[in-house]
Amino acid sequence: MIMQPKVVTSDKDILGGTPCFSGTRVPVKSLFDYLEGGYTVDYFLAQFPTVKREQVRDLLETARHHTEADALSS
């Protein structure tokens with residue numbers, strides 16, 4: 001699956017171009033930080049209500065796709 005354009009945006013005028021969930025000022029890195037810290041997606045979404053569950057799902061599916069593609073090319 002290819003990431004939908006609506007999932008992540010980068011705008012130099014928003015957090016200096018840090019990739020954020022589209023329509024928000026929530027950096028994508030925040031999701032991975034929460035997950036690495038042992039928090040659930042539900043907890044993350046409760047902390048950042050502007051991020052939609054579908055955005056998180058699409059981002060994680062895209063990340064999985066890229067890791068699978070990288071494993072196949074190794």
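Residues numbered from 1 in each chain as written. Predicted model: local features only at pLDDT ≥ 70, side-chain atom pairs only at ≥ 80, totals over all residues. Heavy atoms only, no water.

Quick notes on the packing of aromatic side chains
Inference 1: All chains considered together, the criterion is met by seven aromatic pairs.
Inference 2: On the numbers, 5.5 Å between centres and 75 degrees between planes, the contact of Tyr34 with Phe44 is edge-to-face. Of this pair, Tyr34 sits in helix 1 (residues 28-36) while Phe44 sits in helix 2 (residues 41-47), placing them ten residues apart in sequence.
Inference 3: Chaining the aromatic ring pairs together yields one cluster made of Phe21, Tyr34, Tyr39, Tyr43, Phe44 and Phe48. (Phe/Tyr/Trp six-rings, centres within 6.5 Å; stacked < 30°, edge-to-face > 60°. Helix = DSSP H or I, 4+ residues; strand = E, 2+ residues; numbered from the N terminus.)

Let's talk about the nonpolar core
Inference 1: Formed by Val7, Phe21, Val26, Val28, Leu31, Phe44, Leu45, Val51, Val56 and Leu59, the largest nonpolar core amounts to ten residues.
Inference 2: If you list the elements that add at least two residues to this core, you get helix 1, helix 2 and helix 3 (53-73).
Inference 3: If sequence neighbours within four positions are ignored, Val51 has contacts with Phe21, Thr24, Val26, Phe44, Leu45 and Val56. (Core = buried A, V, L, I, M, F, W, Y, C linked by side-chain atoms within 4.5 Å. Buried < 20%, exposed > 50% of the residue type's maximum accessible area, 1.4 Å probe, protein only. Contact = heavy atoms within 4.5 Å.)

Some points on unusual backbone geometry
Inference 1: One non-glycine residue, Leu15, adopts positive backbone phi at about 50 degrees.
Inference 2: Assignment of secondary structure puts Leu15 in the loop between strand 1 (8-9) and strand 2 (20-21).
Inference 3: You can call Leu15 partly exposed: its relative accessible area is 42%.

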